[in-house]
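In case you want the letters, here they are:
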Amino acid sequence: MTNAKIYDVKPDIAHNAHINQETYQTLYQRSIDEPGAFWAEQAALFLTWQKPWQTVMDCDYSQGHIRWFEGGKLNVSENCLDRHLADRGDQVAIIWESDNPAHDKKITYRELHQQVCKFANVLKSQGVKKGDCVCIYLPMIAEAAVVMLACTRIGAVHSIVFGGFSAEALKDRILDSNCQYVVCADVGHRGGKTIAIKANVDQAAMACPDLKSVIVIKNGTENVVWHNGRDIWYHEAMQGASDQCPAEAMDAEDPLFILYTSGSTGKPKGILHTTGGYLLYAAMTHKYVFDYHDGDIYWCTADIGWITGHSYMIYGPLCNGATTVMFEGVPTYPEADRFWRIIDKHQVNIFYTAPTAIRALMAQGHEFVTRTERSSLRILGSVGEPINPEAWEWYYHVVGDARCPVVDTWWQTETGGILITPLPGATPLKPGSATLPFFGITPEILDSQGNVLQGEADGVLVLSCSWPGQARSLYGDHQRFIDTYFKSYPGYYFTGDGVRRDEEGYYWITGRVDDVINVSGHRMGTAEIESALVLHQHVAEAAVVGYPHDIKGQGIYAFVSLNVGVQASEELRRELINLVRQEIGAIASLDIIQWTPALPKTRSGKIMRRILRKVASNELDGLGDTSTLADPTVVDAIILHRANQ
Ligand code: WTA
């Protein structure tokens, strides 16, 4: 990597930045040398506490025991709303841009505060109490922010399920987190199409006997099926609700939300984040990574159903008193210039999106970009998957006109916030590298035996010290939390990612080292997809792997073997694709199905995925050692019938 291109820090950006090269080094050193004092200072700087904490941190990775600011009391909605009212009550908190380019809406901090208090009272009137879990299944409408913050106001724990997940996936998540309340919309709008939302809730609800109420936000004009006694219209309930609602005093370690994400085995895991540490980490990283200044218009394109939507569309920006943009639609509707038009329309200064969107828009040609101004832009961000240098350069040169630093931010649902990232005023950039650790973050690279590698190295990425935004547990299964993240390499948090460190200490994330794939920035477990496939009566076995895909980053490649006597057909192929969409959602669309009489297995019956990955990626020269295979001819047959991509 010696020849990697470098873009130096821009003097104008560094001049006005919160953090420059010198302050980065000094503060980083302090955060490592005196973490207790460092984090205590930050917690006092970024958050308003009702009662100070007693202990800054108390962590023991061997037990998965992670505690920050214990004894401290605070409320998230108070930090995101009430404390801003005196100075910026009339400032816009949320700019909501509809799928339809003719519609938008601006909500001030005062208005948001009122709506949040009202909805908090609605929740209370439905019987929601501190500690109860509320499932949120919503499209990207501004009310989503109201609902999230209302939960935090009364100490309810939210579990947001991405609107693109199917009824089946929704049901699993409602049951796993024991949610008795769901907030949904009648429909959603994306790319000019109407998407049924409530119909999925109705279907999921059939298998959720404990569900008490479904609060429905009216977002369309269609009639929806109504269940009297269970369903409640949001607008009707809001009408009579008081706009006075005291903010519940929460312990720093009280649960804030659960968010399901995929792992390499079994069912999706309910990642649990708590109140104080999470909010501090989201707010602090939002301010420094995006060099956010008062008055900036900030836009993160992520959906609220993902961690990026939680930390960098809602909690981080609102905690810092920012104006945050929420977009209901898709980048290509009505045309492939929609992002750039929105940037011009709302004079966006900071823009944060995913490599898959960048690649898809790059494929549409420059003209959609160059017909817009984009002169308001100052900082560009990327998240969700490795960004290939070509897409990075296009983002930097074409979208940002070579004026705006690109911050390639590496993190995970489990980390709560950004861990490895450039800071705009401090870090020279290398396209394709997430660069250097944020304050308090101590990445290490290990070899497969768990030895720490120094200097230039290639291995698995682990973290040795805790940080306030770290997940605290998996909901209802703390042992699985310990086993997944702290067992493989004792003393470290295991990320599941591979990484390379270059001669200047820059980190280059190389992708997952486990059976998790990343399709268009959506994280999926291959095991989940395989479980869906084998539900089909004709399927004997299935193995799913990722393969490089120009736009999606990774595509989904399924090797399927059918029951004896069943003929493969185009119809069966379509049935399997639909089955997976039905079980998981539209984001899990199989790209390739290869029929195979058998899967390559070791003599002990383990599927050799390494080989399947190579075949799917068309790396047929490097199949490695196949001597442990029970039947090596299976591999020859798979190669011979490899699907054309
Ligand atoms: C990948 C998303 C390279 C990584 C915030 C990680 C990245 C997984 C980057 C987490 C990046 C995220 N460069 N890879 N900048 N950002 N990833 O939980 O494999 O949806 O483990 O969180 O996405 O995905 P998750």
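Keep in mind that what you see is a predicted model, and the values were worked out from it rather than measured. (Residues numbered from 1 in each chain as written. Predicted model: local features only at pLDDT ≥ 70, side-chain atom pairs only at ≥ 80, totals over all residues. Heavy atoms only, no water.)

Caption draft 1: Structural view of the site of the ligand. Among the 17 residues in the neighbourhood of the ligand, the closest are listed as Asp408, Thr409, Thr413, Asp497 and Arg523. A distance of 3.4 Å is found between a nitrogen atom of the ligand and a backbone nitrogen or oxygen belonging to Glu385. Asn518 is positioned with one of its side-chain polar atoms (N or O) 3.3 Å from an oxygen atom of the ligand. Considering the ligand on its own, with 530 Å² of exposed area, one finds that the protein chains cover 96% of that surface. Listing elements by their share of the shell around the ligand, those giving two or more residues are helix 12 (307–319), strand 20 (406–409) and strand 26 (507–512). (Near = heavy atom within 4 Å. Polar contact = N/O pair within 3.5 Å; in protein donor to acceptor, adjacent residues only side chain to side chain. Areas by Shrake-Rupley, 256 points an atom, 1.4 Å probe, with all protein chains shown as cover. Helix = DSSP H or I, 4+ residues; strand = E, 2+ residues; numbered from the N terminus.)

Caption draft 2: Inspection of the environment of Ala144 at higher detail. Here Ala144 lies in helix 7 (residues 143–154). A sequence separation of 170 residues divides Ala144 from Ile314, and the C-alpha atoms of the two residues are 9.6 Å apart.

Caption draft 3: Fine view of the sheet that holds strand 18 (residues 350–353). Across the sheet, 7 strands lie side by side as 5-4-17-16-18-19-20; this open sheet has mixed pairing. Each having just a single partner strand, strand 5 (104–108) and strand 20 make up the two edges of the open sheet. Between one strand axis and the next, the sheet turns through 20° on average, direction left out of account. In the sheet, strand 18 pairs with strand 19 (residues 379–383) via 4 bridges, with the strands oriented parallel. When the bridges of strand 19 are listed, Thr353 appears paired with Ser382. (Pairing = 2+ DSSP bridges. Axes fitted to C-alpha atoms, helices over the stretch in contact; angles between N-to-C directions.)

Caption draft 4: Layout of the pairing of strand 5. Sheet topology places strand 4 (residues 92–97) next to strand 5; 5 bridges connect them, and they run antiparallel. Bridge assignment links Val92 to a residue of strand 5, and that residue is Thr108. If you look at the hairpin formed by strand 4 and strand 5, you'll find 6 residues sitting between the two strands.

Caption draft 5: Fine view of the UniProt feature "binding site: Mg(2+)" (unreviewed entry) in the chain. Listed under "binding site: Mg(2+)" (unreviewed entry) in the UniProt record, and renumbered for this structure, are Val534, His536 and Val539. Residue placement: His536 occurs in the loop between helix 18 (526–533) and strand 29 (539–549). Residue contacts for His536: discarding those within four places in its chain leaves Leu572, Glu575, Leu576 and Leu579. Within the secondary structure, Val539 is located in strand 29. Residues within four places of Val539 in sequence aside, it is in contact with Leu533, Val534, Val560, Ser561, Leu562, Asn563 and Leu576. (UniProt positions renumbered as here; feature names shortened; annotations may be inferred. Contact = heavy atoms within 4.5 Å.)

Caption draft 6: Representation of the pattern of salt bridges. Under the definition given, this model contains 40 salt bridges. Here Arg110 makes a salt bridge to Asp90, at a shortest N to O gap of 3.5 Å. Of the two residues, Arg110 is situated in helix 6 (residues 109–125) and Asp90 in the loop between helix 5 (85–88) and strand 4; the sequence distance between them amounts to 20 residues. What makes Asp90 exposed here is its relative accessible area of 62%. Linked by salt bridges that have partners in common, Glu335, Asp337, Arg341, Glu367 and Arg371 make up one network. (Salt bridge = Lys/Arg side-chain N within 4 Å of Asp/Glu carboxyl O. Buried < 20%, exposed > 50% of the residue type's maximum accessible area, 1.4 Å probe, protein only.)

Caption draft 7: View of the pairing of strand 1 (residues 55–60). With 5 bridges joining them, strand 1 and strand 2 (residues 65–70) adopt antiparallel strand pairing. Paired with Asp58 across the bridge in strand 2 is Arg67. Hairpin remark: strand 1 followed by strand 2, antiparallel, with 4 residues in the connecting loop; positive phi at Gly64, about 60°.

Caption draft 8: Quick look at helix 11 (residues 276–289). The end-to-end C-alpha separation of helix 11 is 20 Å, in line with the 20 Å expected for 14 residues at 1.5 Å each. Most of helix 11 is tucked away: 13 of the 14 residues are buried. Among the residues trailing helix 11, Asp291 stands out with phi positive, at a value near 40°. (Expected span 1.5 Å × (residues − 1).)

Caption draft 9: Main features of the packing of helix 18 against helix 19 (residues 570–583). It is the contact of helix 18 with helix 19, at a shortest axis distance of 9 Å, that shows an interaxial angle of 120°. As summarised for this structure, helix 18 and helix 19 are arranged oblique, according to the angle between their axes. Judged by the twist between their axes, the crossing of helix 18 over helix 19 is right-handed. Side by side, helix 18 and helix 19 meet where Ile529, Ala532 and Leu533 of the first sit next to Leu576, Leu579, Val580 and Glu583 of the second. Classifying every residue of the contact of helix 18 with helix 19 by side-chain character gives 6 nonpolar, no polar and 1 charged. (Parallel < 35°, antiparallel > 145°, perpendicular 65-115°, else oblique. Left-handed = near helix turned anticlockwise from the far one by under 90°. Nonpolar A, V, L, I, M, F, W, Y, C, P; charged D, E, K, R; others polar.)

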